[in-house]
Every structure is written in C-alpha cells, then in structure tokens.
Amino acid sequence: KEEVYDVVVIGGGGAGLSAAIEVKGAGASVVVLEKMAFIGGNTLISGGELNAPETWIQEKLGIEDSIEQYKEDTLKGGDNQADEKLVTVLANNARSAIEWLRDEVNVSFKEDYLMQFGGHSVPRAAYPEGGSGDELISKLGTKVEEMDIPVRKQTKAEEILTDESGKVNGVRAVDKDGNEIIFKANKGVIVATGGFGSSLEMRKKYNPEYDERYMSTDQPGSTGDGIVMAEELGAALIGMENIQTYPTCSPVTGVLSYVADTRFDGAVLVNKEGNRFVEELDRRDVISKAILSQTDGMGYLIWDTTVKNKSHMDNYMKEFDQLVKQGTLIKADTIEEAAKFFDINVDQLKETIAKYNEYATNGKDEDFNRRGEIIGLTEAPYYIQKVVPSVHHTMGGLKIDTEARVINNEGNPIPGLFAAGEVTGGIHGTNRLGGNAITDIVVFGRIAAESVLK
Ligand code: ADP
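Residues numbered from 1 in each chain as written. Predicted model: local features only at pLDDT ≥ 70, side-chain atom pairs only at ≥ 80, totals over all residues. Heavy atoms only, no water.

Here we take up the overall build of the protein. In terms of regular secondary structure, the protein is built from 14 helices and 19 strands. Taken over the C-alpha trace, the protein has a radius of gyration of 23 Å; the compact-globule value for 454 residues is 22 Å, and the two agree within 12%. Taking the principal axes of its C-alpha atoms as reference, the protein extends roughly 75 × 50 × 40 Å. The buried share among the 454 residues of the protein stands at 59%. Partitioning the intrachain contacts of the protein with sequence separation of at least 6 by distance along the chain shows that 73% fall at a separation of at least 24. Accessible area for the protein stands at about 18400 Å²; split by element, carbon and sulfur atoms hold 45% of it. (Helix = DSSP H or I, 4+ residues; strand = E, 2+ residues; numbered from the N terminus. Rg over C-alpha atoms; globule rule 2.2 N^0.38 Å. Buried < 20%, exposed > 50% of the residue type's maximum accessible area, 1.4 Å probe, protein only. Contact = heavy atoms within 4.5 Å. Areas by Shrake-Rupley, 256 points an atom, 1.4 Å probe, with all protein chains shown as cover.)

This is how it looks when you write it as structure tokens:
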C-alpha cells in the first residue's frame, strides 16, 4: 500500500503536532504517524509549562526579563555545552511560540502566575490550565482535527526512505495489523519521535550509568526510534551521554511524583537509618546519585502539615491516593508510626528531626546548608514518601542546524530530512532546565515545518 503527501511527520507528540499544523496551515498536505494508540507522547504527561521571556504574563506581573537573559540561563544550565546558535533560536522564538499556542491553538495559560524552575533568573514558565501537558495536547489535537490532518495511530515508522540521489522521500511504516504502508513524502520527512528514556538498551549503550537500576518517567514509546532510523542515513548524533534523572519518583512505577515536590516547600530527605544525606534543593543529578548510594537505593521524604499547607500537594490528590495504595506513601499522626511503616530507624529519625527543628529555629542548616527557608517539622499529621530517581529526559539526539535540518557525519544537511523536539540534541547541553522542553518542541516543530516547505 502506498499513500502520497507533501510531508510525513513521524511522532504525534508536541513537536510533531506543532509541525503538522504549520505544514497544513501553509497549504501543503501532511500525515502524522504515531506508533502508540494515543497522541501526546511525553508532552502529554509533562507538567506542560514553557519558558518564554518578555511575554504578556511577565508584563502583567511586572517581571523584567530579556531574550539575552533567558539565553544565558539556558546555556549556563547546560554547563555551557549547548550549541549557542540553537539556543539563540530557542530564545528568539520562545515568545512567538507561546503566542502561537495561545492565539492559533487556543491553549489556556494562567494569566497571573509564572513558575520559576531551577537555573532561571526570574519566573518565566507559563503554566497551562490544570498544570499538565494535557491542556497542550488536547488543544493541539483539536486543531489537527479541525484542519483535517490525518493522524495514523498504532502506525510505527520503521525506515526513512530515500531516492537514488539520497534525498529523503518517504517512510516505511507498519500498522497495528502488521501491514506495511509506504508513506511517500514529496517535500520531506520531519522526525519528531521524542527521546530514548524508555529504551534500556540505548541508555546503556550511550551512558552505562543509566542501567536497570533506573526506571523511567517516560511513556513506553520513547525508545529513540527516530535516532536509529536517521542514523541509517548517516545522521550525526550529539550529546548522547547526557541523560537527566528526576530524583523523586515512585519506586513501584518509576513515574515522576508531583506530590514529592513538597521538597521545594520544605520536605526533608532521609535514609533508612533515619539520617539526612544531601541538601534537598541541590541539582537533580546530585540528589539522584545521593539517593542511589543509600541503603536499598531509596530515599524517604518527610514533611508535616505546615509544609503540606505551603505546597501544591492538594492539586495532586489522585496521585496521592495511588501512592498510598502502592504502599509508597503514608500519612500518620506521629513520626514513629510513619517511620515504622517503612522500617526506618525511629530513634535516629526523631533525633534527626529534633536537630533539624533547631536549625529551623536558628535559621541555618548546619549539616547541608539548605538554601531558602527552613521549616521545622512539628505539626501533625506527618507524611513519609519513599522515592527513587528515574530517567526523565535525554538531552542528546540528532544533530540539527538552526533550520531544523538533520546534519550528517560530514557536516552537511541530509536533503529532505528535518527533526524537532526531544529526538534532537545540542539544545540543552548536559542538562535541560525545567520548562525548556516544551519551548524547544514548539519552536523547532514550527521551524521544521517552515524549512521542509522551502
Ligand atoms: P516531543 O516532546 O519531542 O514532541 P514526545 O515524547 O512528546 O516528544 O512525542 C514523541 C511521539 O513520537 C510519541 O507519541 C511516540 O509514541 C512517537 N513515536 C516514537 N517512535 C515512533 C515511531 N517509530 N513511529 C511513530 N511514532 C513514534
């Protein structure tokens, strides 16, 4: 079977859907191939926040920011290993990306609130209604439907095809019944297949540190397919060893815990012996490593009702109930009772908390120099949650230029091949800052659409 389009997009996450909308909007025909039974990818299960400087929201809140400052923060956040040209494109186009989401795709953002993730000098992450990628994907999906863009679910791209001259001209895919379909692409192919966090094999190949000890926060479809397919055509890869973990995830499922973000509001991290072992607000990679070197490779977050009231925990009660059911979270009237549930050394934990409460009174954490306000844990009920780090984002991927063209090992663009989103490398250096992935996928998804039609 064969179908013919101007453009074939592989992957129906945020990058692929953004690209498809722009291709169709410019008057060309396009199909989206999605191997899962649903669209959205990791974009769907993300928090959905995106960074942009000089937005209407910042203006409303009176926050001073600039493209230059955003660029600087992003470069520094990736240990200055990112491709500066790509970061410049990201920063220059961030504001128009968020305005496009608002005006063309109808995404609702909180108008009077911005998040400030680690590494950013000012609050600049817009917060979609509901605080979830669901708002982005449902609106992108609606737009795609309105524009009559065909989305082929359960259709897995297996090979990117070229003509005799080496120009990319289609994709070989397999549908859910095992039928092979050739999707011809007269203008070109956009690869938007996301990262490889769910592929244990690829993680171990590129950075043996991230072996079976780690689960993943990612959806099961994030297996690096686009990287493998483009590599067959000689595509260059960049930064593949840079894999990011999120420190506080479920030890049962590996899923990122939004409840555990009480850490930002004062929760304290201890081990089974009842001792603290790291500064709770250190970098994601530092906390992750520290947890893994404790007994059983586990950390235990403890907080009280004062911290709970300060946090956004109430927004995540569905997750809360799931964690309780899993046996990875307990709420109890006393610290003893909660600690016993996890077989934590009760006497030592009480001593640790007593000492920590003194630090709170004195305003200084003598052990780990915790930054920010130190809140004593004194108000019942108490909560203890068992957490592990989990693979969250793969910074490396296909090397692209500022026009989202995929670059080969000789340094030249592969004709007809474009890529956007987590499948690409070079934009985040060694470490992606919170809120930068969504900006990346929308900015470069739209650029890929423009380039493929040139
Ligand atoms: P991004 O944030 O870069 O858009 P996502 O993870 O949100 O990445 O989306 C990538 C999408 O691509 C996922 O929905 C994933 O299931 C899909 N995908 C991955 N590999 C293939 C493939 N071989 N064929 C079709 N779709 C794929």
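So, next bit.
So, on to the site of the ligand. In the region of the ligand, 26 residues are neighbours, and A15, E34, T43, D225 and E422 sit closest. Here L33 contributes a backbone N or O atom positioned 3.5 Å from a nitrogen atom of the ligand. Here an oxygen atom of the ligand sits 3.4 Å away from a polar atom, N or O, in the main chain of G41. Mapped onto the shell around the ligand, the elements with two or more residues apiece are α1 (14–25), α2 (41–45) and β7 (156–162). Here the element with the most residues in the shell around the ligand is α2; it accounts for three residues. Classifying every residue of the shell around the ligand by side-chain character gives seven nonpolar, 14 polar and five charged. (Near = heavy atom within 4 Å. Polar contact = N/O pair within 3.5 Å; in protein donor to acceptor, adjacent residues only side chain to side chain. Nonpolar A, V, L, I, M, F, W, Y, C, P; charged D, E, K, R; others polar.)

Our next topic: the sheet that holds strand β4 (residues 109–115). One open sheet accounts for three strands, arranged β3-β5-β4; its pairing is antiparallel. Looking at the sheet topology across the chains shown, the edges are occupied by β3 (50–51) and β4. Looking at chain direction, β3 and strand β5 (residues 125–128) are connected through two bridges and run antiparallel. When the bridges of β5 are listed, L50 appears paired with A126. (Pairing = 2+ DSSP bridges.)

To continue, consider the confidence of the model for the protein. For the protein, the average pLDDT comes to 96, and 100% of its residues sit at 70 or higher. Across the protein, strand β2 (residues 30–33) holds the top mean pLDDT of 99, while helix α9 (residues 284–292) sits lowest at 89. (pLDDT = per-residue confidence, 0-100.)

Ranked by size, the top nonpolar core spans 85 residues in total, and within it L101, F109, V189, I190, L398, L417 and F444 carry the most contacts. Contact partners of F109, with chain neighbours within four places excluded, come to L50, W56, I57, I98, L101, R102, A126, Y127, P128 and E129. Counting 47 residues, the second largest nonpolar core, distinct from the first, contains F277, I287, Y316 and F342. (Core = buried A, V, L, I, M, F, W, Y, C linked by side-chain atoms within 4.5 Å.)

Interface size is commonly expressed as the accessible area that is lost once the parts come together. Along its sequence, the protein is carved into domain 1 (2–195 + 395–452) and domain 2 (246–390). On the side of domain 2, six residues touch domain 1, which itself brings nine residues to the contact. Of the roughly 440 Å² buried where domain 1 meets domain 2, counting both sides, 21% is carbon and sulfur surface. Counting the surface domain 1 buries against domain 2, the share from its top three residues, D79, Y127 and N431, is 40%. The interface formed by domain 1 and domain 2 holds zero salt bridges in total. At the junction of domain 1 with domain 2, the criterion picks out two residue pairs in polar contact (both at pLDDT 80 or more). Here the side of domain 1 that touches domain 2 is composed, by residue class, of three nonpolar, four polar and two charged. (Domains from an automatic or database assignment. Buried area = accessible area lost by both parts, 1.4 Å probe. Salt bridge = Lys/Arg side-chain N within 4 Å of Asp/Glu carboxyl O.)

Extensive coverage of strand β14 (residues 299–303) is indicated by the burial of five of its five residues. Residues of β14 alternate between two faces, with G299, L301 and W303 on one and Y300 and I302 on the opposite face, all of them buried. Bridge count between strand β13 (residues 268–270) and β14: three bridges; the pairing is antiparallel. Within the sheet, the bridge partner assigned to V268 lies in β14 and is I302. With five bridges connecting them, β14 and strand β16 (residues 382–394) associate as antiparallel partners.

Let us now look at helix α6 (residues 134–146). With 13 residues, α6 extends 18 Å between its outermost C-alpha atoms, agreeing within 8% with the 18 Å of an ideal straight helix rising 1.5 Å per residue. Those residues of α6 that fall on the buried side of the exposure criterion are E135, L136, I137, L140, G141, K143 and V144. For α6, the elements touching its buried residues are α1, α2, α5 (84–103), β5, β6 (151–152) and α14 (436–452). Looking at the residues trailing α6, positive phi occurs at D148, about 60 degrees. (Expected span 1.5 Å × (residues − 1).)

Residue placement: G224 occurs in the loop between β10 (215–216) and α8 (225–231). Sequence-wise, G224 and D6 are 218 residues apart; in three dimensions their C-alpha atoms are separated by 25 Å. Excluding residues within four positions of it along the chain, G224 makes contact with G195, F196 and M202.

Right, let's get into unusual backbone geometry. Between A380 and P381 the backbone carries a cis peptide bond, its omega angle lying at -5 degrees. Along the polypeptide, P381 turns up in the loop between α13 (346–362) and β16. Its identity as a non-glycine residue notwithstanding, D148 has a phi of 60 degrees, on the positive side. Topologically, D148 is positioned in the loop between α6 and β6. Here the phi dihedral of D296 falls at roughly 60 degrees; this positive angle occurs in a residue that is not glycine.

Our focus in this paragraph is the packing of aromatic side chains. Summed over the entire model, instances satisfying the criterion amount to ten aromatic pairs. Plain terms: the ring middles of W303 and Y383 are 5.4 Å apart, the flat faces sit at 10 degrees to each other, and that makes the pair stacked. Of the two residues, W303 sits in strand β14 while Y383 sits in strand β16, which places them 80 residues apart along the sequence. In terms of burial, W303 and Y383 fall into one category: buried. When the centroid spacing of 6.0 Å and the interplanar angle of 80 degrees are considered together, the rings of F320 and Y383 count as edge-to-face. Remark: Y383 occurs in strand β16 and F320 occurs in helix α11 (residues 317–326); sequence separation between them is 63 residues. The buried category is assigned to Y383, whose relative accessible area is 3%. (Phe/Tyr/Trp six-rings, centres within 6.5 Å; stacked < 30°, edge-to-face > 60°.)

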